[in-house]
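Notes for the structure review
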Amino acid sequence: MEQNKVLFFIPDISGFTKFVAETEINHSQHIIKELLEGLVDSNSIGLTVSEFEGDAILFYRHGVPPPLKEFVEQARRMFVNFHTQLKRYELYRLCQCGACKGANELTLKIIAHFGATGTMQVKDHMKFIGKDIIVAHRLLKNRIEQHEYFLMTDDLLNSLSKTNGDLKDFAGGADSYDEIGTVGYKYMQLGKYKDEVRVDPPMPFMLKNPFKVMEHSVQFSVPMDSLFQALIDLPGRKNWIDGIREVQLRDNKPNHIGTIHRCVREGNDPELVTSDVKITDRTMEFWETDVKRMVACRYYLEKVSNRSTKAVLELFVRGNFLMKMMFKVMMEKKVKQNIEKSLENLKVYLSAKTA
């Protein structure tokens, strides 16, 4: 079997197993998918994806490895972009499920190793085989106590041109593995780059001088969290909004601040922006504002008990005389009937889901 020297580079999202096991699968899969895609997009040293391994990516590169400073820059770039994505999730998050709330606890470590390897073709997939690909994977389990670091094996470092100053931020270590022996390495903490994470908070998207034209309240025999999740599930609105034919989404991400959607009934329905969210132990609320900032809806939930929630739906229009009169004359009766029927449909829908 012909063996070639290959660089293996493995960014690993730590906490993934616990994250998936204890949270909602659909949202956790979406979050992890985006984080993995972000790591791929952060590639700046000519790496190629071999395969996605659940919580990690196996990158490789043939030929002479790049200089040490390029490795450090690559690790920094991946780390900053990874935590930028997590910070953005937190600032723009609407969903209160375990997956979305727990995403900011995920961490990143990166393993890099250089060694000889062969390949094996399995149907349409090329697999690396040999001792050094095993070394790269075994190093994902090591004795480093910190959660976020960049580890480079001695075999890789010995192949690089460097000066002693290049390694001033690295500590030394080694681990022993059955059938492999002792593997020496140096590692650098990545946490120092956290200060480079910059995410602008969402810009307000509200009506100018909002004027309340309608309010309707209903009590639901479901927990507040469950009702909130049902309300923000945009595709699920087909199950309860009266007269709806489809829900059109600008993107396929879970509902977040800035999500734009349209509930199609008659064909001239407005596009709505999820524009604000406020959460406390006893209340939950969010707003949807049409893209022209003419109409807005506020969903407000108040916890009555562990199995009972008061829901208030409020409708606002831009606070000028013409908008108020148009709504009163042309829309009020129809909108009122639709809201009442839709919330009754939601009661039936939730009751069937929990039966």
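Residues numbered from 1 in each chain as written. Predicted model: local features only at pLDDT ≥ 70, side-chain atom pairs only at ≥ 80, totals over all residues. Heavy atoms only, no water.

Structural notes on helix H2 (residues 25-41)
The condition is simple: By definition, any uninterrupted DSSP run of H or I lasting at least four residues is a helix, any uninterrupted run of E lasting at least two residues is a strand, and each is numbered from the N terminus. Helix span, as expected, comes to 1.5 Å for every residue beyond the first. Buried residues are those whose accessible area, probed at 1.4 Å on protein chains only, stays under 20% of the maximum for their type, while exposed residues exceed 50% and partly exposed ones sit between those limits.
Compared with an ideal rise of 1.5 Å per residue, which puts 17 residues at 24 Å, H2 spans 24 Å between its outermost C-alpha atoms and is within 8% of the ideal. Every buried residue of H2 is listed here: Ser28, His30, Ile31, Ile32, Glu34, Leu35, Leu36, Gly38 and Leu39.

What to know about the side chain of Thr259
Worth spelling out the cut-off: Any N or O atom pair separated by 3.5 Å or less is treated as a polar contact, with the protein-specific requirement of one donor-capable and one acceptor-capable atom, and with residues adjacent in sequence counted only for side-chain atom pairs.
Relative to the assigned elements, Thr259 resides in the loop between strand E10 (246-249) and strand E11 (260-264). When its relative accessible area of 3% is taken as the criterion, Thr259 is described as buried. For Thr259, the side chain forms a polar contact with the side chain of Asn255, separated by 3.4 Å.

With respect to the packing of aromatic side chains
Here a ring pair, both rings aromatic, is described through the centre-centre distance and the interplanar angle of the planes. Going by this rule: Pairing of aromatic side chains requires ring centres within 6.5 Å, counting the rings of Phe and Tyr and the six-membered ring of Trp. Pairs whose planes differ by under 30 degrees are stacked, by over 60 edge-to-face, and all others tilted. The criterion for a charge sitting over a ring is simple: Lys NZ or Arg CZ within 6 Å of the ring centre, and within 35 degrees of the ring normal.
Counted under the stated rule, the structure contains 10 aromatic pairs. Both rings, one in Phe228 and one in Phe286, keep their centres 5.7 Å apart while their planes meet at 90 degrees; by these two values the pair is edge-to-face. With Phe228 in helix H7 (residues 224-232) and Phe286 in strand E13 (residues 283-290), this pair connects stretches of sequence that are 58 residues apart. Judged by its relative accessible area of 0%, Phe228 is buried. The class of Phe286 is buried, set by a relative accessible area of 1%. Through a chain of ring-to-ring contacts, three or more aromatic side chains come together here, namely Phe9, Phe71, Phe150 and Phe170. A cation sits over an aromatic face here: Arg88 above Tyr92, 4.0 Å from the ring centre.

Considering the pairing of strand E2 (residues 48-52)
Applicable threshold: Here a strand pair is declared whenever DSSP counts at least two bridges between the two strands.
As paired elements, E2 and strand E3 (residues 57-62) share 4 bridges and run antiparallel to each other. Along E3, the bridge assignment pairs Thr48 with Tyr60. Between the antiparallel neighbours E2 and E3 lie 4 residues, among them Gly54 with a positive phi of about 75 degrees.

Brief notes about empty space enclosed by the protein
Rules: Cavities and pockets are defined on a 1 Å grid built over the protein atoms alone: a cavity is a set of grid points where a 1.4 Å probe fits but cannot escape, while a pocket is an open set with protein on both sides within 12 Å along at least five of seven lines, and lining residues are those with an atom within 4 Å of any such point. Grid points are joined across faces, edges and corners, and a volume is the space filled by probe spheres set on the points. Gly falls in the polar group here, along with every residue not listed as nonpolar (Ala, Val, Leu, Ile, Met, Phe, Trp, Tyr, Cys, Pro) or charged (Asp, Glu, Lys, Arg).
Inspection of every chain in the model, using the stated rule, returns 1 cavity of 30 Å³ or more. Here the largest cavity defines a volume of roughly 50 Å³. Considering the residues around the largest cavity, the lining is formed by Phe220, Leu227, Leu231, Tyr299, Leu301, Ala311, Val312, Leu313, Leu343 and Leu346. Those elements giving two or more residues to the lining of the largest cavity turn out to be H7, strand E14 (295-305), strand E15 (308-318) and helix H8 (321-354). If one sorts the elements of the lining of the largest cavity by residue count, E15 sits on top with 3 residues. Of the residues contributing to the lining of the largest cavity, the split by class is 10 nonpolar, no polar and no charged.

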